[in-house]
Amino acid sequence: MKALPFKIPKSSTDTLIVQEDKEIVLYDKFHQHEEIQISMIISGEGSLIVGDTITDYKPNDILVFGSNVPHVLQSAISDKESYMISLFFTKESFGQSFFELPEFEDLSAFFRSSAYGLKVLSKKQKLKKQFLKIVEKTNRFDRFMVFLKTLQLLKTAKAETISSFISKRAYTDNEGKRMAKVFKAVMNEFNRDFSLKEVADLANMTPNAFCRYFKMRTNKTFFQFLIEVRIENVCRLLSKEAEITISEASYNSGFKNLSNFNRKFKEIKGITPSVYKKRLYDPHFI
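Residues numbered from 1 in each chain as written. Predicted model: local features only at pLDDT ≥ 70, side-chain atom pairs only at ≥ 80, totals over all residues. Heavy atoms only, no water.

(A) Highlighting the packing of helix H4 (residues 173-189) against helix H7 (residues 222-240). Contact geometry for H4 and H7: axes closest at 10 Å, N-to-C directions at 40 degrees. Judged by the inter-axis angle, H4 sits oblique to H7. Judged by the twist between their axes, the crossing of H4 over H7 is right-handed. For the pair formed by H4 and H7, the contact residues are Val 182, Phe 183, Val 186 and Met 187 on the first element and Phe 222, Phe 225, Leu 226 and Val 229 on the second. (Axes fitted to C-alpha atoms, helices over the stretch in contact; angles between N-to-C directions. Helix = DSSP H or I, 4+ residues; strand = E, 2+ residues; numbered from the N terminus. Parallel < 35°, antiparallel > 145°, perpendicular 65-115°, else oblique. Left-handed = near helix turned anticlockwise from the far one by under 90°. Contact = heavy atoms within 4.5 Å.)

(B) Spatial organisation of the environment of Ile 17. You can see Ile 17 is positioned in strand S1 (residues 17-23). Since its relative accessible area comes to 8%, Ile 17 is described here as buried. C-alpha of Ile 17 to C-alpha of Lys 128: the two residues are 111 residues apart in sequence and 17 Å apart in space. (Buried < 20%, exposed > 50% of the residue type's maximum accessible area, 1.4 Å probe, protein only.)

(C) Structural view of the side chain of Gln 130. Looking at the element boundaries, Gln 130 is found in helix H2 (residues 124-136). If near-sequence neighbours (up to four positions away) are discounted, Gln 130 is found in contact with Val 146, Lys 149, Thr 150 and Leu 153.

(D) A look at the sheet that holds strand S7 (residues 82-89). Spatial strand order, S1-S7-S2-S5-S8-S9: six strands in an open sheet with antiparallel pairing. At either end of the open sheet lies a strand with only one pairing partner, and these are S1 and strand S9 (159-161). When the angles between neighbouring strand axes are averaged without regard to direction, this sheet yields 20 degrees. Pairing between strand S2 (residues 36-43) and S7: seven bridges, direction antiparallel. Bridge pairing in S7 links Ile 38 to Leu 87. Relative to the sheet, H2 contacts S1, S2, strand S5 (62-65), S7 and strand S8 (118-120), its axis offset from that of S2 by approximately 100 degrees. Along the sheet, helix H3 (residues 140-156) contacts S1, S2, S7 and S8; its crossing angle with S7, the most-contacted strand, is approximately 95 degrees. (Pairing = 2+ DSSP bridges.)

(E) Layout of the environment of Ala 242. Relative to the helices and strands, Ala 242 is located in the loop between H7 and helix H8 (246-252). Accessibility expressed as a relative area gives 40% for Ala 242, which makes it partly exposed. Not counting residues within four places of it along the chain, the set of residues in contact with Ala 242 comprises Lys 277 and Tyr 281.

Below, the structure written as structure tokens:
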């Protein structure tokens, strides 16, 4: 199984691929594939990387990745099983001109937005019913009808783009493996110090070449990326453990200096850590 590009397993007769992932760790390799992917997180949580953005995913999230959008879902450390239902298809899966029919005109904006990754914000319960229904269907026609209903809901649902930057240059297999090694090291060991030489060695590059390569691919420096991964972990800790202090959460995520952490948190999240925590636990706090 290659890290990048990634091939979705299918038979010669498959048009719509319905895939269930039930694992302690979801597919955590940085990858891309030709198929558009629409996924429903039934259970499990973790970090999500799309383009230049690091965010989280949690139960009832609906995520959309356009064709060849690089992404990775890194499960949080847990002994509980994650469960994700995914639909894979291309715009040509049902015929060259299928999505050009007038009936699908309203989907054009949805497909354009998926090029940056999407997180669906509304109609989640209705969509969840469709995802659960589609895995129950064994007849292809019945599955296709549920799929059309799912698209109908998605085209009018509110959604936000996940990333603001996606590298337009397709990854080669070697490039994908380089990035996958770096991302895996950071996502699994973000709370320790990294040297530039260490991560450059992982990518089998010189430090200067790695810096240019990483910035070109992610629109940020390696250490900016590391800081954002750490801050996402702080947010996860604060949301899961009401009693944990901000200083504990920051230290456990790899920050050694509290004032530096506070400054970086506000730069990335737009608010201070204390305001972020108050909003989590006080519904009346603005």
